[in-house]
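Letter by letter, the chains look like this.
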Amino acid sequence: MRLNSKAFETEEIMDKQQYIDRAEQVLYKVYNRFPVVFDHGKGVCLYDTDGNEYLDFGAGIAVMGLGYGCPELNEIMKRQAEKLCHTSNLFYNVPAIEAGEKLLKVSGMEKVFFTNSGTEAVEGLLKIAKRYAFNKGMGPDYEIIAMKHSFHGRTLGALSVTGNDHYQEPFAPLVPGIRFADFNDLDSVKAVWSEKTCAVIMETIQGEGGIYPATEEFLQGVRALCDKQDALLLLDEIQCGMGRSGHMFAWQGYHIKPDAMSVAKALGNGVPVGAFLAQGKAASAIVPGDHGTTYGGNPFVCAVASGVLDIFEKRNLVEHVREVGDYLWKKLDEIGDRYDCVKAHRGRGLMQGLEFTAPAGQVVSNALTEQRLVVISAGSNIIRFVPPLVIGPEDVDEMGKRLGAAIEAVFG
Ligand SMILES: *Cc1c(COP(=O)(O)O)cnc(C)c1O
């Protein structure tokens, strides 16, 4: 049954394949998409144009923390859409003040800059690092240490610190002065450190690279190294932040604090908004004229971000993530024990991954088209579980059944 009755009146309902053909005619071909056309969502479920219901453990790549069609957030969006959407940053607006205050409160940072995407938040971190080095009179050849198998975004600066040759190679030369170290290997960071090093950037939990949490020893070691050498620690919390790890920000589970950090994905629950935040010397590195954006931090997206942060607090969502994350952990452990094709299980909170002994793309594909379960891969052999943060144990049980069936269909 098709739930969106309005579509009956205004638009001819097309065959799925017709939509796909039209899409391929007009949209730039940068993705190999799955043959599913989603129409609407509710809670932790998505519905395609044929009315099929899918259980969603991908959340639009860790974006839809509050799930689909959150009534309180919809109300906020409607109200702000009617009131004021955009003013430019030449003027002040109240939602940006409120969203900023709330973000600083939960992060313990001192300053925030709102962006339109994750990659732009990373650009901000890199500009802070460069500006900080410049202010110190380090000269133009300062270096930034980034991690292999990292992902920080697709714009040229963020791409420069993304440790993936496949993504980088066609666009070289990129930003100079980036040295790559092995994640969770402090000696490898020391090996590329020089007197020119002005910052280290990493994800607290590597997402696209395959769900690898930083070890406590590594993150604390890098923090100490940065302190000793007067370099900045920049943490990318775009995927692992906003409660997903079982802490509001994943670094809060490591007894350290970064100098600056990025956030995006779940901040707007589907409305494009990100931010970079900084404290101390990193917060004062940037001066008027150094950075800007036309859309960034407009009243519409900030009202949404502000609402998202309120709902997190009201529902005690971080605590919920810990509980249901433990439940997911047990479920995925069970699955790992049951099937020989599962090699490893990693993650924190509601950001977990199963590593398979062989490419897992077919499991992802079978889960979607046969089991109506959305999961996403991270690298070729890893399936990532990043559901809406509002899932309950019953959703985990259901996911387990469908995933088991998909694994059996593919690996036999
Ligand atoms: C998704 C992601 C980005 C890029 O965010 P966009 O909004 O796609 O630009 C950067 N860093 C991490 C860790 C991410 O997961």
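Up top is the structure these notes are about.
Rules used in this analysis
- Residues numbered from 1 in each chain as written.
- Predicted model: local features only at pLDDT ≥ 70, side-chain atom pairs only at ≥ 80, totals over all residues.
- Heavy atoms only, no water.
- Helix = DSSP H or I, 4+ residues; strand = E, 2+ residues; numbered from the N terminus.
- Rg over C-alpha atoms; globule rule 2.2 N^0.38 Å.
- Buried < 20%, exposed > 50% of the residue type's maximum accessible area, 1.4 Å probe, protein only.
- Core = buried A, V, L, I, M, F, W, Y, C linked by side-chain atoms within 4.5 Å.
- Domains from an automatic or database assignment.
- Contact = heavy atoms within 4.5 Å.
- Pairing = 2+ DSSP bridges.
- Axes fitted to C-alpha atoms, helices over the stretch in contact; angles between N-to-C directions.
- Parallel < 35°, antiparallel > 145°, perpendicular 65-115°, else oblique.
- Left-handed = near helix turned anticlockwise from the far one by under 90°.
- Nonpolar A, V, L, I, M, F, W, Y, C, P; charged D, E, K, R; others polar.
- Near = heavy atom within 4 Å.
- Polar contact = N/O pair within 3.5 Å; in protein donor to acceptor, adjacent residues only side chain to side chain.
- Areas by Shrake-Rupley, 256 points an atom, 1.4 Å probe, with all protein chains shown as cover.

**Student:** Can you walk me through the overall build of the chain in this structure?
**Tutor:** Helix and strand content of the chain: 15 helices and 17 strands. For the chain, whose C-alpha radius of gyration is 22 Å, the value lies close to the compact-globule estimate of 22 Å for 412 residues. Projecting the C-alpha coordinates of the chain onto the three principal axes gives extents of approximately 65 × 55 × 45 Å. A total of 412 residues make up the chain; the buried ones form 52% of that total.

**Student:** Help me out: how do you make sense of the nonpolar core in this one?
**Tutor:** A general tendency of soluble globular proteins is for nonpolar side chains to be buried together. Grouped together as the largest cluster of nonpolar side chains are 84 residues, with contacts concentrated most on Phe57, Met202, Met242, Phe385 and Leu403. Top element by residues in this core is helix α12 (residues 299-314). It accounts for ten residues. Summarising the domain contributions, this core has at least three residues from each of domain 1 (16-63 + 317-411) and domain 2 (71-314). Each residue touching Phe57, except ones within four places of it in the same chain, is listed here: Leu328, Leu373, Val374, Val375, Arg384, Phe385, Val386, Pro387, Ile391, Asp395, Val396 and Met399. Grouped together as the second largest cluster of nonpolar side chains are 26 residues, Ala133, Tyr142, Ile144 and Ile178 included.

**Student:** Help me understand the pairing of strand β2 (residues 45-48), please; the structure alone is not making it clear to me.
**Tutor:** The two faces of a sheet get side chains in turn, since along a regular strand they alternate between them. Neither face of β2 is left uncovered, since the one carrying Cys45 and Tyr47 and the one carrying Leu46 and Asp48 both have all their residues buried. Note that strand β1 (residues 38-42) and β2 share four bridges and pair antiparallel. Bridge pairing links His40 to Tyr47 in β2. What sits between β1 and β2 in their antiparallel hairpin is a turn of two residues, with Gly43 showing a positive phi close to 60 degrees. Note: β2 against strand β3 (residues 53-56), three bridges, orientation antiparallel. Along β3, the bridge assignment pairs Tyr47 with Glu53. What sits between the antiparallel neighbours β2 and β3 is a turn of four residues, in which Gly51 has the positive phi angle 90 degrees.

**Student:** What is the right way to look at the packing of helix α14 (residues 361-369) against helix α15 (residues 393-411) in this model?
**Tutor:** When two helices pack together, their arrangement is given by the angle between the helix axes and the distance between those axes. Two elements in contact, α14 and α15, have axes whose closest approach is 9 Å; the angle formed by their N-to-C orientations is 125 degrees. Judged by the inter-axis angle, α14 sits oblique to α15. Crossing handedness for the pair α14 and α15: right-handed. Between α14, through Gln362, Val363, Asn366 and Ala367, and α15, the contact on the second element is made entirely by Leu403, Ala406, Ile407, Ala409, Val410 and Phe411. Its residues assigned to classes, the contact of α14 with α15 shows eight nonpolar, two polar and no charged.

**Student:** When you look at α14 in this model, what are you seeing that I'm missing?
**Tutor:** In an α-helix there are 3.6 residues to a turn, and that puts residues three or four apart on one side. Buried within α14 are the following residues: Val363, Val364, Asn366, Ala367 and Leu368. Packing partners of the buried residues in α14 comprise β1, β3, β15 (373-374), β16 (376-377), β17 (382-385) and α15.

**Student:** Can you walk me through the site of the ligand in this structure?
**Tutor:** The environment of the ligand is formed by Ser117, Gly118, Thr119, Phe151, His152, Gly153, Glu203, Asp236, Ile238, Gln239 and Lys265. The backbone of Phe151 places a nitrogen or oxygen atom 3.3 Å from a nitrogen atom of the ligand. In the model, an oxygen atom of the ligand is placed 2.6 Å from a nitrogen or oxygen of the Lys265 side chain. Protein contacts shield 81% of the accessible area of the ligand, which totals 380 Å² for the unbound molecule. The residue inventory of the shell around the ligand, partitioned by class, reads two nonpolar, six polar and three charged.

Note that every value here comes from positions in space, so none of it alone points to a role or purpose.
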